[in-house]
Amino acid sequence: MNPQIFGWEHLTFLAIFIVISVISLYFIKKYAKSTKSQDIIVRCVGVLLFAFILWNRISIVLKNGDALDLIPNTFCGLSSLVLSLTVIFGKRNNNVLHFVLYVAFVGDLLTLCYPDFIGQNISFFYGATISGLLHHATGLYLCILLELIGWFIPNYKKWPNLVIGFMAYITFGTFLINVLNFGSAFYINSPILDGTPLTVWVIAPVFAVGYAIYMIALELLRRRKKKTKQVSFNKIIKIIKSEP
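To start, this report covers the structure provided alongside it. (Residues numbered from 1 in each chain as written. Predicted model: local features only at pLDDT ≥ 70, side-chain atom pairs only at ≥ 80, totals over all residues. Heavy atoms only, no water.)

Let's shift gears to the packing of helix α4 (residues 97–113) against helix α6 (residues 159–178). Orientation of α4 relative to α6, taken along the N-to-C sense of each, is 70°, at an axis distance of 8 Å. By the angle between their axes, α4 is roughly perpendicular relative to α6. In this structure, α4 crosses over α6, and the sense of that crossing is right-handed. In contact with His-98, Phe-99, Val-100 and Tyr-102 of α4, α6 contributes Asn-161, Leu-162, Gly-165, Phe-166 and Tyr-169. Split by residue class, the contact of α4 with α6 holds 6 nonpolar, 3 polar and no charged. (Axes fitted to C-alpha atoms, helices over the stretch in contact; angles between N-to-C directions. Helix = DSSP H or I, 4+ residues; strand = E, 2+ residues; numbered from the N terminus. Parallel < 35°, antiparallel > 145°, perpendicular 65-115°, else oblique. Left-handed = near helix turned anticlockwise from the far one by under 90°. Contact = heavy atoms within 4.5 Å. Nonpolar A, V, L, I, M, F, W, Y, C, P; charged D, E, K, R; others polar.)

As a further point, take the state of the cysteines. A full pass over the atoms with the stated rule returns 0 disulfides. The thiol of Cys-44 is not disulfide-bonded; the next cysteine sulfur, from Cys-143, is found 17 Å away. Lacking any disulfide linkage, Cys-113 is separated from the closest cysteine sulfur, that of Cys-76, by 12 Å. For Cys-113, a relative accessible area of 38% corresponds to the partly exposed category. (Disulfide = S-S within 2.5 Å. Buried < 20%, exposed > 50% of the residue type's maximum accessible area, 1.4 Å probe, protein only.)

In this model, the second largest pocket occupies a volume close to 240 Å³. Forming the walls of the second largest pocket are 14 residues, and the residues nearest its centre are Phe-17, Ile-20, Leu-48, Thr-138 and Tyr-141. Of all the secondary structure elements, the ones that give two or more residues to the lining of the second largest pocket are α1 (8–31), α2 (35–64) and α5 (127–148). Considering each element in turn, the lining of the second largest pocket owes the most residues, 6 residues, to α1. For the lining of the second largest pocket, the per-class residue count stands at 11 nonpolar, 3 polar and no charged. (1 Å grid on protein atoms, 1.4 Å probe; cavity = no way out; pocket = protein on both sides within 12 Å on 5 of 7 lines; lining within 4 Å. Points joined across faces, edges and corners; volume = space filled by probe spheres on them.)

Of note, Asn-95 is situated in the loop between α3 (75–89) and α4. Owing to a relative accessible area of 44%, Asn-95 belongs among the partly exposed residues under this scheme. Separated by 14 residues in sequence, Asn-95 and Leu-81 place their C-alpha atoms 16 Å apart. Sequence-distant contacts of Asn-95, defined by excluding residues within four places in its chain, comprise Lys-158 and Asn-161. Here the side chain of Asn-95 touches Lys-158 through a polar contact of 2.9 Å, side chain to side chain. (Polar contact = N/O pair within 3.5 Å; in protein donor to acceptor, adjacent residues only side chain to side chain.)

Moving on to the pattern of salt bridges. Overall, the coordinates contain 3 salt bridges when judged by the stated rule. Asp-39 is the partner of Arg-43 in a salt bridge, and the nearest nitrogen-oxygen pair spans 4.0 Å. Here Arg-43 pairs with Asp-39, and both are found in helix α2, just 4 residues apart, close to one helical turn. The exposure class of Arg-43 is partly exposed, given its relative accessible area of 27%. Here Asp-39 falls in the buried class, since its relative accessible area comes to 18%. Of the charged contacts in the structure, one is a salt bridge between Arg-92 and Asp-39, with a shortest N-O distance of 3.3 Å. Placement of the pair is Arg-92 in the loop between α3 and α4 and Asp-39 in helix α2, with a sequence separation of 53 residues. Owing to a relative accessible area of 29%, Arg-92 belongs among the partly exposed residues under this scheme. Through salt bridges with shared partners, one network takes in Asp-39, Arg-43 and Arg-92. (Salt bridge = Lys/Arg side-chain N within 4 Å of Asp/Glu carboxyl O.)

Glancing now at the environment of Leu-109. Note that Leu-109 resides in helix α4. Since its relative accessible area comes to 35%, Leu-109 is described here as partly exposed. Spatially, the C-alpha atoms of Leu-109 and Ala-137 are 7.9 Å apart, while their sequence positions differ by 28 residues.

What follows is the structure, given as structure tokens:
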């Protein structure tokens, strides 16, 4: 019997991923305080992500027998590639991260919860299956790591980056479909799940609303935290001045 979504192989993979992530992120947050150590860790995870997405694309080429499949044609696939290269060669909090990190986080999280490709072979360790799970898991881990240690700082003023990045993906997808004759790319002409209306033209507005809600909530939280700190500081000053 082929592996199933929410089957024991899927749930075991998720459990192992969660345990490793929680433990490693805890120790990184606690002990990796210097910029140099954080950069080394981030770039090492980036190299690992690049290796997994490359393995995944090669596995798909071997499966389908088409060399063009080496080119990522989904949001998750291209985001894993872009995210890995961005952290390997880019600076902290660079503009590319203000697009690709959000797309990677949402796509990787949803795919890990519902990996529709998990049953493509009788073996859970089939190349295209396990490499797909690993690059999604590593991408999600990297997104969390970057924000946890401050390598990436969300900023609502960077929203144009999201629009530019989205248009770049759609333009690339259109090129793949019309020039390289891909059957589908970036859910432009086919839904993410068969039998649903979830093409990119439905997903994008939902994603935009979610992004807006997240940014508003984050900004309100920051302002409240800043106000709390200011009140606490004023109390300390008042106490000091009141001492004889």
